[in-house]
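Each chain, letter by letter, is given below.
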Amino acid sequence: MVTDPDSPTDLPAAALDALLEQRARDPGAIVEVDMPTVQWVVFSLGEGAFALPGRQVVEILPLVPIHYVPGGPPALAGVIEVRGIVWSVLRLAALLGGAPDPVGRQASILLGRAADMESGLLVDGVDDVCEVAEDAFLAPPTNLPGRLSGCVTGVFQHRAGTVLALDLERLFADWRDGRS
Amino acid sequence: MNAADAGALPVGQAINLVLFRWGTLELALQAGQVLALESAGAADLPSIGALLGLPDAGPTGALRLLRVAGPTGTLHIRVEGPVTQARLPAAAIHPLPPLLAARLRLPWVRALAFRAGEGGGHLILILDPRTGLAPGLPAIET
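Residues numbered from 1 in each chain as written. Chains lettered and ligands numbered in written order. Predicted model: local features only at pLDDT ≥ 70, side-chain atom pairs only at ≥ 80, totals over all residues.

A.B. asks: Looking at this model, I keep getting lost on the confidence of the model for chain B. Mind explaining?
C.D. replies: Detail in the predicted coordinates should be disregarded across regions flagged by low pLDDT. Residue and element names in this part refer to chain B. Mean pLDDT over chain B works out to 83, with 80% of the residues at or above the 70 mark. Here residues 1-8 is modelled with pLDDT under 50, and outside its nearest four sequence neighbours on either side it reaches 16 contacts, counting other chains as well. Below pLDDT 50 for its whole length, residues 134-142 participates in 14 contacts with residues either more than four positions away or in separate chains. Here the predicted complex carries an ipTM of 0.82, next to a pTM of 0.82. (pLDDT = per-residue confidence, 0-100. Contact = placed C-beta atoms within 7 Å.)

What follows is the structure in structure tokens.
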């Protein structure tokens, strides 16, 4: 038999039998299809929507008092203590080359961890934690401005808007090495 | 190493600190490094603000003079009072978060401590003169 490489993958006969039997029992039922997904934490910075992989966000905190530490770049907001652990807090907007908005009531702190680096990240607000199908994740636009061009790994649609997915390891490494 | 692994002192230990201020900052030295507390002293002696390169906001309280054991001699440093002594448990003392340490330009800052209080408590910067002075600062050894 000659198979068309462009045709959908054949189901094993037993799986097809089971699927047809299920459809016969309940024609309106939703057939579950295993679709790999990735969890994302979606948040806002200014007018933009951004996301970090859920596996890199240890915890989402409401805005807590941030203790100022002098002698750091403007992106350093300070430090916080979370259950006996001290975390640095960085202004994510500043890491991306923008001017941070004034901290509002909806602001949150994401405790992020990537590679062997970790820090709190100050964002304007967390919008959602959602699962996104891998095939809904698209390559980043080629016309991203400034530092965004090196820190965005892809885009996806969420609530009728476009979300820019960030490379946390790159953001942390650039900060650590003085490139941001 | 992540912060959770970066414990400071073993549980049960404590450290004696001499606390003082500079503007809104609360600072500390290990008590063993402070040799004496004196009155304000001559105005030409360096302040802790100048030594650390802090913004020139200026102190609002009374100034005192600390004699501090430096790496090669005794340092005379003007600080803002009140100057107090405290014994902080190990659990209250933390190493600098690595991404903070990587970009912090303040010399002498060796660790952080938190003391309970309103509004999330108070942050204390624990200084260690053995870590050297900022480049370009005048020699102050006496």
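A.B. asks: Just checking my understanding: could you explain the interface of chain B and chain A for this structure?
C.D. replies: When the parts come together, some accessible area is lost, and that loss is often what is quoted as the size of the interface. Listed as interface residues are 24 residues of chain B and, on the opposing side, 25 residues of chain A. Elements supplying a minimum of two residues to the side of chain B that touches chain A: α2 (98-101) and β7 (109-115) of chain B. In terms of residue class, the side of chain B that touches chain A is made up of 17 nonpolar, five polar and two charged. (Helix = DSSP H or I, 4+ residues; strand = E, 2+ residues; numbered from the N terminus. Nonpolar A, V, L, I, M, F, W, Y, C, P; charged D, E, K, R; others polar.)

A.B. asks: Which parts of the structure should I look at to understand the sheet that holds strand β5 (residues 85-91) of chain A?
C.D. replies: What links the strands of a sheet is backbone hydrogen bonding, and the strands pair in either a parallel or an antiparallel sense. All names here are of chain A. One open sheet accounts for five strands, arranged β3-β6-β7-β5-β4; its pairing is mixed. Two strands bound the open sheet, and with one partner strand each, they are β3 (57-62) and β4 (76-82). Averaged over neighbouring strand pairs, the angle between their axes works out to 30° when direction is ignored. In this structure, β4 lies alongside β5, joined through six bridges in antiparallel fashion. For L76, the partnering residue across the bridge sits in β5 and is L90. Here helix α4 (residues 168-176) sits on the sheet in contact with β5, β6 (108-114) and β7 (117-123), set at roughly 90° to β6. (Pairing = 2+ DSSP bridges. Axes fitted to C-alpha atoms, helices over the stretch in contact; angles between N-to-C directions.)

A.B. asks: Where do I start with the nonpolar core in this structure?
C.D. replies: Buried together is how nonpolar side chains tend to be arranged in soluble globular proteins. Grouped together as the largest cluster of nonpolar side chains are 73 residues, with contacts concentrated most on L166 of chain A together with A28 of chain B. It is strand β1 (residues 14-22) of chain B that provides the largest number of residues to this core, a total of six residues. When neighbours within four sequence positions are excluded, L166 of chain A is seen to be in contact with F50, A51, L52, C151, V152 and L171 of chain A. (Core = buried A, V, L, I, M, F, W, Y, C linked by C-beta atoms within 7 Å. Buried ≥ 20, exposed ≤ 12 C-beta atoms within 10 Å, placed from the backbone.)

A.B. asks: Help me out: how do you make sense of the pairing of β7 of chain B in this one?
C.D. replies: Note on strand geometry: in a regular strand, side chains alternate between the two faces of the sheet. Residue and element names in this part refer to chain B. Taken together, the three bridges between strand β6 (residues 93-95) and β7 define a ladder with antiparallel strand orientation. For I93, the partnering residue across the bridge sits in β7 and is A113. Looking at chain direction, β7 and strand β8 (residues 122-127) are connected through six bridges and run antiparallel. Counted as the bridge partner of L112 is L125 from β8.

A.B. asks: What am I meant to see in the sheet that holds strand β9 (residues 152-158) of chain A here?
C.D. replies: Residues and elements named next belong to chain A. Pairing within the open sheet is mixed, and its five strands lie in the order β8-β1-β2-β10-β9. Because the sheet does not close on itself, it has two edges, and the strands there are β8 (125-133) and β9. Shown here is a sheet whose adjacent strand axes are inclined to one another by a mean of 35°, direction ignored.

A.B. asks: What is the right way to look at the pairing of strand β4 (residues 63-69) of chain B in this model?
C.D. replies: All names here are of chain B. Where strand β3 (residues 34-38) meets β4, four bridges bridge the pair, whose relative direction is antiparallel. Residue pairing for β4: E38 is matched across the bridge by L65. Where β4 lies against strand β5 (residues 74-89), seven bridges are found, and the strand directions are antiparallel. Residue pairing in the sheet places L65 in a bridge with R78 of β5. Taken together, β4 and the strand that follows it, β5, pair antiparallel across an intervening segment of four residues.

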